[in-house]
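Understanding the architecture of this molecule
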Amino acid sequence: MKKPNKILNHLKKQIQNEKKNNQIHAKITYIHENKIHVSLKNPTKIPKNTQIITHHIKGIITKNNHKNLEIKLTKPHKFRLHDKIIIKNIQNETITHKLEKIVSQIENNQLNEDNLETLQLLQTQINPEYDTNITYYNHKLNKNQNKAVKKALQTSKFHLIQGPPGCGKTYTIVNLIKQLHKNKKKILICSHTHIAVDNVVEKLENIADDDILRIGNKNKISQNNLKYTIDEHIKKAPEYSEIQKYKDKIEDIKSLTNKSSINNDPLIIDNNCESIFSRLFRKLLPTNNKTTNYINEVSYDENSIYELECKISNIENSLNDTIVRNVSIIATTVISASSFLIENVEFDYVIMDEASQVPLYLSLIALLKCEKFI
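Keep in mind the model is a prediction, meaning the values are calculated, not measured.

Parameters and conventions
Residues numbered from 1 in each chain as written. Predicted model: local features only at pLDDT ≥ 70, side-chain atom pairs only at ≥ 80, totals over all residues. Heavy atoms only, no water. Core = buried A, V, L, I, M, F, W, Y, C linked by side-chain atoms within 4.5 Å. Buried < 20%, exposed > 50% of the residue type's maximum accessible area, 1.4 Å probe, protein only. Domains from an automatic or database assignment. Pairing = 2+ DSSP bridges. Helix = DSSP H or I, 4+ residues; strand = E, 2+ residues; numbered from the N terminus. Axes fitted to C-alpha atoms, helices over the stretch in contact; angles between N-to-C directions. Contact = heavy atoms within 4.5 Å. pLDDT = per-residue confidence, 0-100. Salt bridge = Lys/Arg side-chain N within 4 Å of Asp/Glu carboxyl O.

Turning our attention to the nonpolar core. One finds Leu11, Leu99, Leu213, Ile330, Ile342 and Val350 to be the most contacted residues of the largest nonpolar core, which totals 52 residues. Here this core gathers at least three residues from each of two domains, domain 1 (5-95) and domain 2 (112-236 + 328-373). By size, the runner-up hydrophobic cluster in this structure holds 24 residues, among which are Leu153, Ile177, Ile212 and Tyr228.

Here we come to the sheet that holds strand S6 (residues 84-89). Read once around its circumference, the closed barrel built from six strands follows the order S1-S2-S5-S4-S3-S6, with strand pairing classed as antiparallel. The mean angle between the axes of side-by-side strands here comes to 45°, regardless of whether they run parallel or antiparallel. Sheet topology places strand S1 (residues 24-32) next to S6; four bridges connect them, and they run antiparallel. Among the inter-strand pairings, Ala26 is bridged to a residue of S6, identified as Ile85. Strands strand S3 (51-54), strand S4 (57-65) and S6 of the sheet are contacted by helix H2 (residues 90-107), whose axis makes an angle of about 70° with S6.

Read across the sheet, five strands follow the order S8-S9-S7-S10-S11 without closing on themselves; strand pairing throughout is parallel. Looking at which strands have only one partner, the edges of the open sheet turn out to be strand S8 (212-214) and strand S11 (370-373). Averaged over all adjacent pairs, the angle separating strand axes in this sheet is 25°, with direction ignored. Running over the sheet, helix H5 (residues 169-182) touches strand S7 (187-191), strand S9 (329-333) and strand S10 (347-352) and is turned about 170° from S10. Contacts between helix H6 (residues 194-201) and the sheet are confined to S7, S8 and S9, with S9 contributing the most and set at about 155° to the helix.

Reading predicted coordinates in detail is not appropriate for stretches of low pLDDT. The predicted model of the protein chain averages 86 in pLDDT, with 87% of residues at 70 or higher. No element of the protein chain has a lower mean pLDDT than helix H9 (residues 274-284), which averages 49, and none a higher one than S8, which averages 97. A low-confidence stretch, residues 265-274 (pLDDT under 50), is modelled with 18 contacts involving residues beyond four sequence positions or located in other chains.

The subject of this paragraph is the environment of Val327. Tracing the backbone shows Val327 in the loop between helix H10 (289-326) and S9. You can call Val327 buried: its relative accessible area is 3%. Leaving out residues up to four positions away in the same chain, Val327 has contacts with Lys186, Asp210, Asp211, Ile212, Leu213 and His233.

Another point: the pattern of salt bridges. All told, the structure shown has 10 salt bridges when counted by the stated rule. Note that Lys12 and Glu107 form a salt bridge whose closest N and O atoms lie 2.7 Å from each other. One end of the pair, Lys12, is in helix H1 (residues 5-21); the other, Glu107, is in helix H2, with 95 residues separating them in the sequence. Taking the relative accessible area as the measure of exposure, Lys12 reaches 35% and is therefore partly exposed. Residue Glu107 is classed as partly exposed on the basis of its relative accessible area, which comes to 33%. Glu232 is paired through a salt bridge with Lys235; the nearest N and O atoms lie 3.3 Å apart.

This brings us to the pairing of S4. In terms of strand pairing, S3 meets S4 through four bridges, oriented antiparallel. Looking at S4, one finds that Gln51 is bridged to Ile60. Here S3 folds back onto S4 in antiparallel fashion, the turn holding two residues, of which His55 has a positive phi close to 50°. In terms of strand pairing, S4 meets strand S5 (residues 68-73) through six bridges, oriented antiparallel. For Ile60, the partnering residue across the bridge sits in S5 and is Lys72. Following S4, the chain reverses through two residues before pairing antiparallel with S5; His66 in that reversal takes a positive phi of roughly 60°.

Below is the structure:
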């Protein structure tokens, strides 16, 4: 099968544009601990709570006032007043890396047959074949809605469902998903907005909560669908009690360490910098046994917390894999289809609602995860 050069060139062009547009040039105007203010050469619409990265340090946008941003960094930094920095949207960076991976897979012939067929169809616009032996009828649907679902079930590769607003496209899609679920298919539901995704998921009544996973920023997911998030799935797992036990231990250690710091010498030691201070104190300052014991105690506590956090992370990673593997339906935005949770997951069907509003290069993130797409 020939390489889809037309799409390949389109992807390369979009990657260049994404990289160019994902660079916010700024100058630091204020620094207080891990909070910085920056002024911009050009205004940006980057929203509040957007996760960013600048010079290998992650942060979050806490304010956007036209040409000024307030950023809370996630770890200590060495920035100075008036430093010039470049800010990048982490989500856009993830998209770019995903598209670059797709380009590399195409150029190195690493895509499977289903994915290559998808690219060829998108490039040549060949009509799919339909298995007319497959039948479907639902008395709750009208003639056109029944036909749309039947064609989606019969298609060898893809099917397009079109119609004006209010004709029942979402209702048709919901019934298709229920039928595919009944047929034991693994399904990815996606769209360009969280609202569109949630609109579909909320109508999937009679499907067990444990069989649906909603991926995305919890602040943007509807209240009705929060029960499907990965955190809620983890809370239902037997291993969650172990996670909670480790979290309680961490809080106990932090509480004891704080009490110990109050009862010791007036020398305050930042837990995050203990190892550096510890060495300096031993070399430069005359410390009494009480202070030395406290330094060793903090070091021990830090190690204990780190070990417990590693245990929690290992359990959660294992549960993530199990949950993603076992659920039949995963729902997310097209952009979040690049999430690490489903990076290597293959689906029987991808159902993209309001697909006309999704750029081709972004749709590939989802479409190259499936055997068939609607």
